[in-house]
Every structure is written in structure tokens, then in C-alpha cells.
Amino acid sequence: MGIQFAGPACCAPSGPVFPLSRMPWYAPIARDMMHPPLRILTRSLVLLALLAPLAGCVSSNTGERHARIERARALLGTRATYCRAPRTADARVDVDRLVAELVELRANTYSFCIHNYATDWDDLKLILPRAREKGIRIWASLVPPSESPPRTRHYSEPFRLDYQRWAVEFAKLSLQETNLVAWSIDDFTHNLKTPYTPEYVRQMLEASRQINPKLAFVPCCYFPGIIKPGFVTNYCPLLDGILFPYRHESAGANLKDPDLVESEIKQLKALAGPDFPIILDIYATAHSRLGATTPEYVEQAMIAGHRAADGVMIYCHQDPEKNPEKYQIIKRLFALWSEEKGRGLRK
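**Q** Lay out the overall build of the chain in plain terms, naming residues and giving numbers.
**A** From N to C terminus, the chain includes 11 helices and eight strands. Buried positions account for 48% of the 347 residues belonging to the chain. Taking as baseline every contact in the chain between residues at least 6 positions apart, the subset at least 24 positions apart corresponds to 75%.

Written out as C-alpha cells, the structure reads:
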């Protein structure tokens, strides 16, 4: 029998594989006529030719695993607020105030929504260096087609619904501003039929990761969409984590009862895997249909989320003057958690 290739199928040499005994140069007469050094050299060259595809595959897989670990590392231990940055009179982001409040809250991450203002893309570029000075990591969040015209008044500008372009531009920006560690799309699971098919998402993320393999993609996914058959199989291998807005949807949607936070996260971990990052998203701002939350609800949901999830994000960033009670709860718990060791990103 000739040499058999026993490596992974993805690494198998392309084209036909012939046993060595059938290769012309290995005919007995030619073999006997070879000088020993030449025979050793020839066999070595053949062995290298067979092993080269395997080595390339191993290197590629190792690189991909390392990059995925790096992307996950930027998510673990997230203490974040989300959207609703303070604005100046001209509707631009008040960067000084935003960063000062994040520092006061002991937040280590902020997710900036690119949606309601045409200047948001420019403001993101102003936020990034100032946040980096304080050790704060940034996510950028887009709206999906279901939250864009004609259903709403505004697109995410300037690239609108071209999410493949957004993926590339975020990757380019993250090379310049290294604290841009992740990007997200709101209501991702409401838009899976179009445009976010698995193939579309795969192409989108391949383009991004060719530029910066360390930039994470963490879309907003709701409980009913995650547990729907096929989601984990088709999407979780592509995603770096899930931003999970808790709404008690396993037993009737509401923003009154935080008792199922841990139960729902455990269900999602059972589906996606224990090491798959889940960042809990807690409503501190009222929902259009489910109404407002109380300070007590926010506190209980945060505590439960901290026990079960890989990070906690507060929707939305709270104004310390308009919502002092919730702001102080977030500040107290973030400060407490910032002193813990061994739960990923803490500084």
C-alpha cells in the first residue's frame, strides 16, 4: 500500500493522491540506481509537499482560535452603558461630559448608537481617543432595516443599510483607535430573513476580520429568536457573543420581574455553550410597549446578571440629574464589581 493521508478533510491535498509505489520516480529500477543522498533528498521533498497543506491548515486554525479568544477577552467583565449620550446645544455629543460620567460610574465600556443624528459617525471618532485616555472600551451600534426608513425617520449614517461596508469601515477605524473593540446591530434576530442570512453575515464578518481579526461582532438578540431552532447552529459559530436584552420572555414579556434573569441566561448558555459570551442588556429606560422599569428592578437585574452573564450593559446611559436613583445604583454596583478579580475585563 502507498502513503495514506490521515489529516483533517479540510487540509487534505487537492487533486488525486497516488501511492508512492505507483509514482514513476519510485519504480524499482530507478530506486536502485539512486545514490543514497539523492534518494533521501527526493523522499524529503515528497514528504514536505504532502505536509505543506497540513501545516498551513494548522496555522490557519490556530490563528483563528487565537483571534476568537482575543475578541472574547474584550467582552468578558463588561460594565457598560448604552446609547443616549449627553448632547450639546448643537446636537453633537458632549464628549467631555460623557467620558466624565463613564469614569464616575466606573464603567469600562460604552456602546455608542449611530442612528438619530447625521453627525454620529463623526462623533464616534471624537469619543474614541478621549475614552481610550481613560481606559474605556467602545462598541459601535447600528440600527437594522426594521428600525430604519420608512419605519423610522433616520438611518445609521453615512453607510445606511450597507452592513458589509459598515463592517469594513469599523475594522479600519479599529486599527487606528484600538479601544474600538466591538460593534453591534440592534434587533438582529428580528431581521434574519433579510438581510442577515448566515451567508450574508459570514461574508460581512470575513471582510471585517481580514482587516482586523480582533474586532468583535456582538449583535442584539432576543430570547425567542435565540432559542428558535437553527439559530445557534447557523449563527453562533459566526458571532463573538450576544447582547441579550432581558424582558422575561420565557414566561410572558414584562419589565417588572427580574426573577428569570439567571434562568434565561443559563438556558442560553446551555444552547450556545458555557464559554460563549453573553452580555446582559438591562432596560433602565422605558420600552415603547412594555413600559418603564423601577430602580429596584434595575438593581436586582444587575445583581442577577452579574452572577450569570459575562457582562452587564445598561440601556440607556442614565442622566445623573434626571434619573439620579438609577444612576447611583449603577455607580455603586459598577464600583463594587470593579474591585473584583478574575472576571475578565475589570479596569
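After that view of the structure, there is still more to cover.
**Q** Give a detailed account of the pairing of strand E7 (residues 278-283), specifying residues and quantitative values.
**A** Every regular strand shows the same layout, with side chains that alternate between the two sheet faces. Counting buried positions along E7 yields six of six residues, so the element is predominantly enclosed. The alternating pattern of E7 places Ile278, Leu280 and Ile282 and Ile279, Asp281 and Tyr283 on opposite faces, both of which are buried. Summarising the sheet, strand E6 (residues 242-245) and E7 pair through four bridges and their orientation is parallel. Along E7, the bridge assignment pairs Phe244 with Leu280. Read as a crossover between parallel neighbours, the route from E6 over helix H9 (residues 261-272) to E7 is right-handed. Sheet analysis places E7 next to strand E8 (residues 311-315), joined by five bridges and oriented parallel. Of the residues in E8, the one forming a bridge with Tyr283 is Tyr315. Since E7 and E8 lie parallel, the crossover through helix H10 (residues 295-308) that links them has a hand, and here it is right-handed.

**Q** I'd like a rundown of the sheet that holds strand E4 (residues 180-185), residues and numbers included.
**A** As summarised here, the arrangement of the eight strands in space is E5-E4-E3-E2-E1-E8-E7-E6, forming an open sheet in which the pairing is parallel. Looking along the sheet, the strands with just one partner apiece sit at the ends: strand E5 (216-217) and E6. With six bridges joining them, strand E2 (residues 109-114) and strand E3 (residues 137-142) adopt parallel strand pairing. Bridge pairing links Cys113 to Ser141 in E3. Most of the contacts of H9 go to E7, to which it runs at about 150°, and overall it touches E6 and E7.

**Q** Please provide a residue-by-residue account of the pattern of salt bridges, values included.
**A** Scanning the model with the defined rule gives 22 salt bridges in all. We note a salt bridge from Lys331 to Glu104, for which the minimum N-O separation is 3.5 Å. Of this pair, Lys331 sits in helix H11 (residues 324-338) while Glu104 sits in helix H3 (residues 95-105), and the two are 227 residues apart along the sequence. Among the salt bridges present, the one from Arg202 reaches Glu206, with a minimum N-O distance of 2.6 Å. Here Arg202 pairs with Glu206, and both are found in helix H6 (residues 198-211), just four residues apart, close to one helical turn. Beyond isolated ion pairs, a larger network of salt bridges with shared partners links Arg87, Arg92, Asp120 and Asp123.

**Q** Before we move on, could you go through the packing of H3 against helix H4 (residues 120-133) and cite the residues and values that matter?
**A** Taken N-terminus to C-terminus, the directions of H3 and H4 make an angle of 40°; their axes are 10 Å apart at the nearest point. Put simply, H3 runs oblique to H4. Between H3 and H4 the crossing geometry is right-handed. Contacts from Val95, Asp96, Leu98 and Val99 of H3 reach H4 at Leu126, Ile127, Arg130 and Ala131. Counted by class, the contact of H3 with H4 contains six nonpolar, no polar and two charged residues.

**Q** Let's hear about helix H5 (residues 163-176): which residues, and what values?
**A** Given a rise of 1.5 Å per residue, 14 residues ought to cover 20 Å, and the 20 Å separating the end C-alpha atoms of H5 matches this to within 8%. Along H5, the residues that are buried comprise Tyr163, Trp166, Ala167, Val168, Glu169, Phe170, Ala171, Leu173 and Ser174. Buried-residue contacts for H5 involve E2, H4, E3, E4 and H6.

**Q** So what's going on with the packing of aromatic side chains? Which residues, and what values?
**A** According to the stated counting rule, one finds 17 aromatic pairs in the structure shown. Plain terms: the ring middles of Phe188 and Tyr196 are 5.0 Å apart, the flat faces sit at 20° to each other, and that makes the pair stacked. Accessibility expressed as a relative area gives 0% for Tyr196, which makes it buried.

What counts as what
Residues numbered from 1 in each chain as written. Predicted model: local features only at pLDDT ≥ 70, side-chain atom pairs only at ≥ 80, totals over all residues. Heavy atoms only, no water. Helix = DSSP H or I, 4+ residues; strand = E, 2+ residues; numbered from the N terminus. Buried < 20%, exposed > 50% of the residue type's maximum accessible area, 1.4 Å probe, protein only. Contact = heavy atoms within 4.5 Å. Pairing = 2+ DSSP bridges. Right-handed = clockwise from strand over helix to strand, strands pointing away. Axes fitted to C-alpha atoms, helices over the stretch in contact; angles between N-to-C directions. Salt bridge = Lys/Arg side-chain N within 4 Å of Asp/Glu carboxyl O. Parallel < 35°, antiparallel > 145°, perpendicular 65-115°, else oblique. Left-handed = near helix turned anticlockwise from the far one by under 90°. Nonpolar A, V, L, I, M, F, W, Y, C, P; charged D, E, K, R; others polar. Expected span 1.5 Å × (residues − 1). Phe/Tyr/Trp six-rings, centres within 6.5 Å; stacked < 30°, edge-to-face > 60°.

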